[in-house]
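Observations on the model geometry
Residues per chain are reported as follows:
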There are 2 protein chains.
Amino acid sequence: MSIRIGIFGYGNLGRGVEAAIRQNSDMTLAAVFTRRNPDSLTIQTEGVPVLAADRADEMADAIDVMILCGGSATDLPTQTPALAAHFHVVDSFDNHAKIPEHFAAVDRAAAHAGKVAVISVGWDPGMFSLNRMLSGAILPDGADYTFWGKGVSQGHSDAIRRIEGVVDARQYTIPVEAALEAVRSGSCPTLTTREKHTRECFVVAAEGADLARIEHEIKTMPAYFADYDTTVHFISLAEMREKHSGIPHGGFVIRSGKTGLNAEHTALIEYSLKLDSNPEFTASVLVACARAAHRFAQAGETGCKTILDIPPAYLSPKSGEELRRSLL
Amino acid sequence: MSIRIGIFGYGNLGRGVEAAIRQNSDMTLAAVFTRRNPDSLTIQTEGVPVLAADRADEMADAIDVMILCGGSATDLPTQTPALAAHFHVVDSFDNHAKIPEHFAAVDRAAAHAGKVAVISVGWDPGMFSLNRMLSGAILPDGADYTFWGKGVSQGHSDAIRRIEGVVDARQYTIPVEAALEAVRSGSCPTLTTREKHTRECFVVAAEGADLARIEHEIKTMPAYFADYDTTVHFISLAEMREKHSGIPHGGFVIRSGKTGLNAEHTALIEYSLKLDSNPEFTASVLVACARAAHRFAQAGETGCKTILDIPPAYLSPKSGEELRRSLL
């Protein structure tokens, strides 16, 4: 019996979920929900209905798990609790500081409705969080390091686009190789913001715009760029489209710890991702977690969960017996 | 209330568990059990009893979780089921081919006694298995690669020591950098045994021994060396003791997968370990899993589990709330 998935929101992430479902033979796409006019939307899966977001509740019996693909700023804080009243849900809420608040709201709604919710799924929060937690539990005497990139930061790209005279922009976050090597040496260095990452910006300026002013505004922008070594390249719109249309990302989570009676030995645990498509990978994690939500539901569990609560085998379509034989 | 741990077997792994317990403030060492004469053993923790292995059952009320530190060849297949009749247990059974059989025997004993057992804990099987499983669940369209080293292989070192004229030997397994890079390129290469690892041997020969014969016997040894590019260095006993007394190890688990509607994007997940002390790290994983066994027991669960069944948060001393706030 296939797990029937609903996609709520059809942007980059929703399209990624649609693609990921095709790679998992125990799942089928049941419906896509959109706040746009459903008739205006063409999806990639034949025969699957596209419905208005406000008609989701009508499909409660046809969907086993709803995957929410909206944004963390304004969509998910209201959508996830609202949908958890009718569906088992999975979201990618990624505002780290507000996770406890979001968890509480979703847990209340899901527990009340007897549903399961898995929140903050993806890679950070998500797989990176899981690795920080696992590595810290194994090596309590140690330090965590997280590096992001090389990859496109949507928030930083948007910040540049808001500058007067900027037509388009793409910002790459790049980990500093020397900092990575210092961490890998086991020396547990203390690293400043500037020492960990650099920022590289590709900017299309309006004709006649003051390039020196734009570059200065970028490099001195508080929080976003002022604390980093930032480089700015002005390019044509054609070059932007040709070379910077992808959404790659990735990063590194490293735990540098000590073992032994006198902490005389170093142990390094490193987890890294290198992703051609950030939203497609996030979608792949969401889909595996939808399977876990379904398993939780079958086990009679309710309420809100995170990746830290999921028995790993719940993420796999394979049986425990098969996993032990082939993967352990 | 501290989790009271028993150590069953006091070799390198048992000593590692003793050291790891000190790093975890929610645990205390309750007793060490040995098959040697208990009076002959001096442990590193003051005031903790050293008892004969066959008296373990007497301590059932004083121990929350027993960590088994014996070998997989002959000790654990009988010890783990036997002790699971009286204790919640954790072991590091690492004979991959026999895991299903060991699981069945331990599950029967633990379920019958109402105890929890966590088997095959460490890094391979253990953290490497977990990463193979997680990465495969996220990226079903892809291939797994596991590389070991650089590190000391006990089995290969022992095999060399059995050759006539060899006084001592240490064998390092070394992943081939070019193979690692080929995997990281996302090309999903098919790699032969020889292409993945090389073997480097340091050998102390008896005075007057035929070095050419020893080297030939090593390099042509079936299963152990014949399929690898092997180098042999003859060194003095002094050099062996000075430079090769450590037990370092490590390795890499890489998943190279595809995302996107037409598998047009590559995603790479890499997990790696670099360990000064292989047994101390294995011990650190055992201790974290002892905490998980205790949590399972508190939740009323019984029977045999592996790392694939453990909700990650069970491994950490922190509360769910604290984990969500600080690590998610």
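As shown above, the structure is provided for reference.
Position numbers for residues count from 1 along each chain, tracking the sequence in the order it is written. Labels follow written order: the first chain is A, the first ligand is 1, and so on. Local features in a predicted model are, by the rule used here, given only for residues with pLDDT of at least 70; side-chain atom pairs are given and counted only at 80 or more, and totals for whole chains, interfaces and linings are based on all residues. For the side-chain quantities, the full set of heavy atoms in the structure was used; hydrogens and water were omitted.

**A look at the overall build of chain A**
We count a stretch as a helix when DSSP gives it H or I for four or more residues in a row; a strand needs E for two or more, and each element gets its number in order from the N terminus. Scanning chain A from N- to C-terminus turns up 11 helices and 14 strands. Each radius of gyration reported is based on C-alpha atoms, and the globular scaling rule is 2.2 Å times the count of residues to the power 0.38. At 22 Å, chain A has a C-alpha radius of gyration in line with the 20 Å of a compact globule built from 328 residues. In terms of its C-alpha atoms, chain A occupies a principal-axis envelope of roughly 65 × 60 × 35 Å. By the burial criterion, 55% of the 328 residues in chain A qualify as buried. The contact criterion used is simple: two residues touch if any of their non-hydrogen atoms lie within 4.5 Å. Counting only contacts in chain A whose residues sit at least 6 apart along the sequence, the fraction spanning at least 24 positions is 67%. When the accessible surface of chain A is summed, it comes to about 13,400 Å², and 49% of that surface belongs to carbon and sulfur atoms. Taken as two groups, the 31 positive and 40 negative side-chain charges of chain A have centres that lie 2 Å from each other. Working definition: with a 1.4 Å probe on protein chains only, accessible area under 20% of the residue-type maximum means buried, over 50% means exposed, and in between means partly exposed. Only the protein chains shown count as covering a residue, and every accessible area follows the Shrake-Rupley method with a 1.4 Å probe. Positive charges come from Lys and Arg alone, negative charges from Asp and Glu alone, with His and the N- and C-terminal ends not counted. One atom stands in for each charge, and that atom is NZ of Lys, CZ of Arg, CG of Asp or CD of Glu.

**Thoughts on the packing of helix H4 (residues 127-138) of chain A against helix H4 (residues 127-138) of chain B**
Look at H4 of chain A against H4 of chain B: their axes get within 13 Å of each other, and the N-to-C directions meet at 170 degrees. Judged on the interaxial angle alone, H4 of chain B and H4 of chain A are roughly antiparallel. Residues Met-127, Leu-130, Asn-131, Leu-134 and Ile-138 of chain A of H4 of chain A lie in contact with H4 of chain B, whose contacting residues are Met-127, Leu-130, Asn-131, Leu-134 and Ile-138 of chain B. Each axis is a line fitted through C-alpha atoms, taken for helices only over the stretch in contact, and angles between the N-to-C directions span 0 to 180 degrees. Put simply, angles under 35 degrees are roughly parallel, angles over 145 are roughly antiparallel, angles from 65 to 115 are roughly perpendicular, and the rest are oblique.

**A closer look at helix H5 (residues 154-161) of chain A**
All names here are of chain A. His-156, Ser-157, Ala-159 and Ile-160 are the residues of H5 that are buried. Take H5 and look down its axis: the buried residues cluster within an arc of 160 degrees, on one side only. Check the buried side of H5 and you find it contacts strand E8 (151-152), strand E9 (166-175), strand E10 (197-205) and helix H8 (211-219). What the arc describes is the spread of directions from the helix axis to the C-beta atoms.

**Some points on the interface of chain B and chain A**
A common way to express how large an interface is: the accessible area buried when the components associate. Of the residues lining the interface, 65 residues belong to chain B; the matching set on chain A comes to 65 residues. Two parts placed together each lose some accessible area under a 1.4 Å probe, and adding up what both lose gives the buried area. Taken together, the two surfaces of chain B and chain A that pack against each other cover about 5,600 Å², and 65% of this comes from carbon and sulfur. Any carboxyl oxygen of Asp or Glu that lies within 4 Å of a side-chain nitrogen of Lys or Arg is treated as forming a salt bridge with it. Counting across the chain B and chain A interface gives zero salt bridges. Here a polar contact is recorded for every N or O atom pair within 3.5 Å, except that within protein the pair must consist of a potential hydrogen donor and a potential acceptor, and residues adjacent in sequence are included only if both atoms are side-chain atoms. Here chain B is connected to chain A by 23 residue pairs in polar contact (both at pLDDT 80 or more). Those elements giving two or more residues to the side of chain B that touches chain A turn out to be helix H1 (12-22), helix H3 (99-113), H4, strand E12 (249-259), strand E13 (265-275), helix H10 (278-298) and helix H11 (320-326) of chain B. Per-element accounting of the side of chain B that touches chain A gives the leading share, 11 residues, to E13 of chain B. When residues are sorted by character, Ala, Val, Leu, Ile, Met, Phe, Trp, Tyr, Cys and Pro go into the nonpolar class, Asp, Glu, Lys and Arg into the charged class, and all the rest, Gly among them, into the polar class. A per-class count over the side of chain B that touches chain A returns 33 nonpolar, 16 polar and 16 charged.

**Observations concerning the packing of aromatic side chains**
Two rings from Phe, Tyr or Trp (for Trp, the six-membered ring) form a pair when their centres are within 6.5 Å of each other. A pair whose planes differ by under 30 degrees is stacked, one over 60 is edge-to-face, and the rest are tilted. For the coordinates displayed, the defined rule picks out 10 aromatic pairs over all chains. Consider the rings of Tyr-172 of chain A and Phe-202 of chain A, whose centres lie 5.7 Å apart with planes at 85 degrees: the pair is edge-to-face. You can see Tyr-172 of chain A sitting in strand E9 and its partner Phe-202 of chain A sitting in strand E10, a full 30 residues away along the chain. Overall, Tyr-172 of chain A belongs to the buried group, its relative accessible area being 7%. Judged by centre distance (6.1 Å) and plane angle (80 degrees), the ring pair of Phe-128 of chain B and Tyr-271 of chain B falls under edge-to-face.

**Some points on the relation of the copies chain B and chain A**
Alignment of copies: least-squares fit on C-alpha atoms of residues with pLDDT of at least 70 in both copies. When chain B is fitted to chain A, the best match, at an RMSD of 0.0 Å, comes from turning it 180 degrees and sliding it 0.0 Å along the axis. Within this description, the copies of the chain are treated as partners about a two-fold rotation axis. Interface overlap between copies: 100% of the residues of chain B at the interface are likewise at the interface in chain A, consistent with a symmetric, same-surface contact.

**Concerning the pattern of salt bridges**
Counted by the stated rule, this structure contains 34 salt bridges over all chains. The partner of Arg-255 of chain B in a salt bridge is Asp-144 of chain B, and the shortest N-O contact between them spans 3.2 Å. Here the residue Arg-255 of chain B occupies a position in strand E12, and Asp-144 of chain B occupies one in strand E7 (residues 142-148), the gap between them amounting to 111 residues. Residue class for Arg-255 of chain B comes out buried when judged on its relative accessible area of 8%. The partner of Lys-305 of chain B in a salt bridge is Glu-301 of chain B, and the shortest N-O contact between them spans 2.7 Å. Since its relative accessible area comes to 11%, Lys-305 of chain B is described here as buried. Taking the relative accessible area as the measure of exposure, Glu-301 of chain B reaches 33% and is therefore partly exposed. When salt bridges with common partners are traced through the structure, they connect Asp-158, Arg-161, Asp-168 and Arg-170 of chain A into a single cluster.

**Digging into helix H6 (residues 177-184) of chain A**
All names here are of chain A. The set of residues buried in H6 consists of Ala-179, Leu-180 and Val-183. The arc that holds the buried residues of H6, viewed along the axis, is 100 degrees, so those residues lie on one side. Turning to H6, the residues buried within the fold contact strand E7 (142-148), E9, helix H7 (193-196), strand E12 (249-259) and strand E13 (265-275). Phi turns positive one or two residues past the end of H6, at Gly-186, with a value near 85 degrees.

**Let's talk about the environment of Ala-19 of chain A**
Here Ala-19 of chain A shows up in helix H1 (residues 12-22). You can call Ala-19 of chain A buried: its relative accessible area is 4%. Here the alpha-carbon distance between Ala-19 of chain A and Val-287 of chain A, two residues 268 residues apart in the chain, equals 10.0 Å. The residues touching Ala-19 of chain A, leaving out its near neighbours within four places in the chain, are Gly-260 and Leu-261 of chain B.

**So, the side chain of His-244 of chain B**
All names here are of chain B. Along the polypeptide, His-244 turns up in the loop between helix H9 (237-243) and E12. Since its relative accessible area comes to 7%, His-244 is described here as buried. Residues within four places of His-244 in sequence aside, it is in contact with Arg-170, Tyr-172, Phe-202, Ile-235 and Glu-239.

**Considering the sheet that holds strand E1 (residues 3-8) of chain A**
Residue and element names in this part refer to chain A. Here a strand pair is declared whenever DSSP counts at least two bridges between the two strands. Sheet architecture is open: seven strands sit in the order E3-E2-E1-E4-E5-E6-E14, paired in parallel fashion. In this open sheet, the two strands that pair with only one neighbour each are strand E3 (50-52) and strand E14 (303-305). On average, each strand axis in the sheet is tilted by 25 degrees relative to the strand beside it, whichever way the strands run. Contacting E1, strand E2 (27-34) and strand E4 (65-68), H1 crosses the sheet at an angle of about 165 degrees to E1. Helix-sheet contacts for helix H3 (residues 99-113) involve strand E6 (116-118) and E14, and the interaxial angle to E14 is about 135 degrees.

**Some details on the pairing of E4 of chain A**
Residue and element names in this part refer to chain A. Both faces of E4 are covered, namely the face carrying Val-65 and Ile-67 and the face carrying Met-66 and Leu-68. In terms of strand pairing, E1 meets E4 through four bridges, oriented parallel. For Phe-8, the partnering residue across the bridge sits in E4 and is Leu-68. Relative to strand E5 (residues 88-90), E4 is paired through three bridges, and the arrangement is parallel. Along E5, the bridge assignment pairs Ile-67 with Val-90.

**Some details on unusual backbone geometry**
Peptide bonds are mostly trans, and most non-glycine residues show a negative phi. All names here are of chain A. With an omega of 5 degrees, the peptide bond running from Asp-124 to Pro-125 counts as cis. Its location among the elements puts Pro-125 in the loop between E6 and H4. Omega for the bond connecting Gly-149 with Lys-150 falls within 30 degrees of zero, at 0 degrees, which places this linkage in the cis form. For Lys-150, the location among the structural elements is in the loop between E7 and E8. Phi at Ser-120 takes a positive value of approximately 60 degrees, unusual for a residue other than glycine. Tracing the sequence through the fold places Ser-120 in the loop between E6 and H4. For Ser-120, a relative accessible area of 0% corresponds to the buried category. Positive phi outside glycine occurs at Ala-263, with the angle close to 50 degrees. Mapped onto the elements of the fold, Ala-263 is located in the loop between E12 and E13.

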